Amino acid sequence: MDSTCFNTAQRHSCQMMNPDLFKPPADLRQAGQPSKPNRSKTEQIRPELAQLVVDTKTGRSYSKGKLLGKGGFARCYEMTDLANNKMYAVKVIPQSRVSKPHQRDKITNEIELHKTLQHKHVVKFSHHFEDQDNIYIFLELCSRKSLAHIWKARHTLTDPEVRYYLRQIISGLKYLHSKGILHRDLKLGNFFVNENMELRLGDFGLAAKLETVEQRKKTICGTPNYLAPEVLNRQGHGTESDVWSLGCVMYTLLCGNPPFETLDLKETYKCIKEVRYSLPPSLSPAAQKLISAVLQKNPSDRLTLDQILAHEYFSKGFTPDKLPPSACVMVPELNPPSPAKKFFTKMAKSLFGKKKSKGKVQKQHCLPLSLIKGLFLCAVCEDALTPAAVAEAAMNALNSCLSTMPAASKNPPCLVKPKPFVWVTKWVDYSNKYGFGYQLSNQNVGVLFNEGTHLSLCDQRRTVHYCLTNNKHFTFQANALPEQLQNQKHIVELMANYMEQNLMEGGDLGCDERPSPGACPLLLQWMKTDHALVMLFNNGSLQVNFYTDHTKVILSKLSDSYVLTYISRERLSSSYPLSVLGERGSSPELRHRLRYVTQLLQHYASA
Ligand code: ADP
């Protein structure tokens, strides 16, 4: 491990090594948008959208958050449904912009078409309504904006990242084509990215039903640089024309500029019609081959979506399962699955079979399956909790607490002897290289590796717990650890030593009565906002550490209720049953933090 990365350690319970990308919830930002000094005349006369939007038919109210972006017709805002704190991206189209029948038809077409779509890689359409000023279209919020934003910050992406995004685009596009729908405007700005860095295909403003070659409208639509030759030649748009755009997208992501970009639009069209572009030698041979097989003049010569997926660019190259949020602004450290992961995946398949566990279940229990040669115990946690399920349950509990909470100036008396629980006393973000390390109050240390596996050292480092996935666990005696896990164990030890030597514990808790070392919650997911670090655990608990004042909120799940522990600036902890806070109220300081945490959880729960 490169120890120089740790040099700037401060004596706090944490160390950050990654840029902060996650944005705070809308309502925690200053209300309203900062006014831009150079507004155009049309913008100046456009009335500001009210802070609160009400659907008079359903009675639902939505509070307006930040402006997400502006499109041809619409402005898109973050909005929160005040009934349940659910957040949306809402396209707001002024009635004045759709006063002509063909303009209204375009929006109606977009709504009617989008409504029918339901796919993992297509932006979810929620609902829509209108009032006398605007039409409001409620969409799944993609908080990391679009590939256009990522491309702007990065200029070029690596092959594994391009494979990661293209696979998802192709999955969404195959779905559209299977329903006889053409997107007709595939470009970086229409590939949205959600909180979890998953891609969603969006903006169906130009989408249309696929028609026979004879019936096809010969209109030119789409973004000039990505138009296919047959569309420019007014031969109509087919599925192959979407594939052409996909080839342009791949080229742009890998090379940093579109393939047919020139200073003059006429020249660009000429280049497209003649398929005149250059392949930089820096591109991998497989990428060059794939791009040339897609950018074929004759639509029937182009690869199909399935052929693209079967191409050696995909079959011989590594595609990550997920990308870290840091990939929005910098090259991620993406390692192909370690030999350990490969080995244990194979092992798990033979032991546990291929059956997948269900996503969300309230109760977690582990079933020891087999003891193999006395070396290790493996278990499959049936019904393992997913991060989204943990977030949703906690969000609901906090929401109901906040909704009943009376006004109060201080906290109620805290529990004198709260049941012992485990929390994170130190953490270190080394995700630019390996993963996120943390030390628990019972002295166990764990690392959630970037590739998704988790390894922890328990029982005074005598036991190693390895999780291949959230529901496939292996436990070993440290002195009988398979070779394949030695490297990961070494990294955990280095991070553990670093935390031990350089960071101080994050509060006064857990000194006299510690929970048993065996009670070892596993970190399922961590995420940073501008203000706080959020950690979700597989026992249904969560912890939020606020950076600036070092306060912490720990929500511990105890059977079917929660105990909330607040660690103050002075590092003093107080625990309360959540239900008591709901009945008696809390200090404004704590209430403010609970609101913030609830808003954050909304992002996870809806992801
Ligand atoms: P138009 O159809 O009028 O061109 P867009 O669909 O392009 O409008 O939306 C305008 C901008 O709003 C986009 O560039 C993007 O930044 C933002 N946006 C649109 N949909 C979403 C979404 N689901 N999540 C987050 N941001 C979005």
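Residues numbered from 1 in each chain as written. Predicted model: local features only at pLDDT ≥ 70, side-chain atom pairs only at ≥ 80, totals over all residues. Heavy atoms only, no water.

- Taking an unreviewed UniProt entry as the reference, the protein chain is identified by name as Serine/threonine-protein kinase PLK belonging to Electrophorus electricus.
- What UniProt states about the protein chain under its Sequence similarities (unreviewed entry) heading is, verbatim, "Belongs to the protein kinase superfamily. Ser/Thr protein kinase family. CDC5/Polo subfamily." (UniProt positions renumbered as here; feature names shortened; annotations may be inferred.)

Focus: the overall build of the protein chain
Phase 1: From N to C terminus, the protein chain includes 15 helices and 25 strands.
Phase 2: The long-range fraction of contacts in the protein chain, counting pairs at least 24 apart against all pairs at least 6 apart in sequence, stands at 62%. (Helix = DSSP H or I, 4+ residues; strand = E, 2+ residues; numbered from the N terminus. Contact = heavy atoms within 4.5 Å.)

Observations concerning the site of the ligand
Phase 1: The environment of the ligand is made up of 17 residues, and the closest members are Phe 73, Cys 76, Lys 91, Glu 140 and Cys 142.
Phase 2: For the ligand, an oxygen atom lies 3.5 Å from a polar atom in the backbone of Leu 68.
Phase 3: One of the side-chain N or O atoms of Asp 203 is found 3.4 Å from an oxygen atom in the ligand.
Phase 4: When isolated, the ligand has an accessible area of 540 Å², and the protein chains bury 88% of it.
Phase 5: Elements represented by at least two residues in the shell around the ligand include exactly β3 (60-70) and β5 (87-94).
Phase 6: Ranked by residue count, the leading element in the shell around the ligand is β3, at three residues. (Near = heavy atom within 4 Å. Polar contact = N/O pair within 3.5 Å; in protein donor to acceptor, adjacent residues only side chain to side chain. Areas by Shrake-Rupley, 256 points an atom, 1.4 Å probe, with all protein chains shown as cover.)

Examining the pattern of salt bridges
Phase 1: Summed over the entire model, instances satisfying the criterion amount to 21 salt bridges.
Phase 2: Residue Lys 528 is joined to Asp 429 by a salt bridge in which the shortest nitrogen-to-oxygen separation is 2.5 Å. In this pair, Lys 528 sits in strand β20 (residues 523-528) while Asp 429 sits in strand β14 (residues 424-430), placing the two residues 99 residues apart along the sequence. Accessibility classification places Lys 528 together with Asp 429 in one group, the buried group.
Phase 3: Here Glu 493 ties to Lys 489 by a salt bridge, and the two come within 3.2 Å at their closest N and O atoms. Here Lys 489 and Glu 493 lie together in helix α13 (residues 486-502), a separation of four residues that amounts to about one turn.
Phase 4: Exposure remark for Glu 493: the relative accessible area of 23% places this residue in the partly exposed category.
Phase 5: Residue class for Lys 489 comes out buried when judged on its relative accessible area of 13%.
Phase 6: What you see here is one network of salt bridges that share partners, running through Asp 549, Arg 569, Glu 589 and Arg 593. (Salt bridge = Lys/Arg side-chain N within 4 Å of Asp/Glu carboxyl O. Buried < 20%, exposed > 50% of the residue type's maximum accessible area, 1.4 Å probe, protein only.)

Some details on the sheet that holds strand β24 (residues 561-567)
Two orientations exist for strands paired in a sheet by backbone hydrogen bonds: parallel and antiparallel.
Phase 1: Strand order in the open sheet made by the six strands is β20-β21-β22-β23-β24-β25, with antiparallel pairing throughout. Each having just a single partner strand, β20 and β25 (573-577) make up the two edges of the open sheet. Averaged over all neighbouring strand pairs, the angle between strand axes comes to 15°, with direction disregarded.
Phase 2: As defined by bridge partners, β20 adjoins strand β21 (residues 532-537) across five bridges and the pair is classed as antiparallel. When the sheet's bridge partners are listed, Trp 526 is paired in β21 with Met 535. (Pairing = 2+ DSSP bridges. Axes fitted to C-alpha atoms, helices over the stretch in contact; angles between N-to-C directions.)

Focus on the side chain of Asn 190
Phase 1: Inspection of the secondary structure puts Asn 190 in the loop between β8 (181-182) and β9 (191-193).
Phase 2: At a separation of 2.9 Å, a polar atom in the side chain of Asn 190 contacts the main-chain carbonyl oxygen of Asp 185.
Phase 3: Apart from residues no more than four positions distant in its own chain, Asn 190 is found in contact with His 183, Asp 185, Arg 200, Leu 201, Gly 202 and Asp 203.

As for the packing of aromatic side chains
Remark: the centre distance and the inter-plane angle together describe each pair of aromatic rings, the angle taken between the planes.
Phase 1: Per the stated rule, a full pass over the model turns up 17 aromatic pairs.
Phase 2: For the ring pair Tyr 88 and Phe 138, a centre distance of 5.4 Å and an interplane angle of 80° mean the geometry is edge-to-face. Taken together, the residues Tyr 88 in strand β5 and Phe 138 in strand β7 (residues 134-140) connect sequence positions 50 residues apart. Each member of the pair, Tyr 88 as well as Phe 138, is classed as buried.
Phase 3: Aromatic pair Phe 546 and Tyr 596: ring centres 5.7 Å apart, planes at 55°, arrangement tilted. (Phe/Tyr/Trp six-rings, centres within 6.5 Å; stacked < 30°, edge-to-face > 60°.)

Quick notes on the packing of helix α6 (residues 239-255) against helix α8 (residues 285-294)
The axes of two packed helices give the description: the angle between them and the distance between them.
Phase 1: Here α6 crosses α8 at 150°, and the two axes come no closer than 9 Å. Judged by the inter-axis angle, α6 sits roughly antiparallel to α8. α8 is crossed by α6, and the crossing has left-handed handedness. The segment α6 lies against α8, with Val 243, Trp 244, Gly 247, Met 250, Tyr 251 and Leu 254 engaging Ala 287, Leu 290, Ile 291 and Val 294.
Phase 2: Taken together, the residues of the contact of α6 with α8 sort by class into nine nonpolar, one polar and no charged. (Parallel < 35°, antiparallel > 145°, perpendicular 65-115°, else oblique. Left-handed = near helix turned anticlockwise from the far one by under 90°. Nonpolar A, V, L, I, M, F, W, Y, C, P; charged D, E, K, R; others polar.)

Section: unusual backbone geometry
Phase 1: In the Ramachandran plot, Arg 234 falls in the positive-phi region, its phi being about 55° despite a non-glycine side chain.
Phase 2: With respect to the helices and strands, Arg 234 occurs in the loop between α5 (229-232) and α6.

Let's talk about the state of the cysteines
Phase 1: Following the criterion strictly, the structure yields zero disulfides and no others.
Phase 2: Free cysteine Cys 76: the closest other cysteine sulfur is in Cys 142, separated by 9.2 Å.
Phase 3: Note on Cys 76: relative accessible area 17%, which makes it buried. (Disulfide = S-S within 2.5 Å.)

Some remarks on the pairing of strand β2 (residues 52-55)
For a regular strand, side-chain orientation follows a simple rule: the groups alternate between the two sheet faces.
Phase 1: Going residue by residue along β2, you find Val 53 and Asp 55 tucked away on one face and Leu 52 and Val 54 left uncovered on the opposite face.
Phase 2: In the sheet, β2 pairs with β3 via four bridges, with the strands oriented antiparallel. From the neighbouring strand, Asp 55 faces β3, where its bridge partner is Arg 60.
Phase 3: What sits between β2 and β3 in their antiparallel hairpin is a turn of four residues, with Gly 59 showing a positive phi close to 80°.

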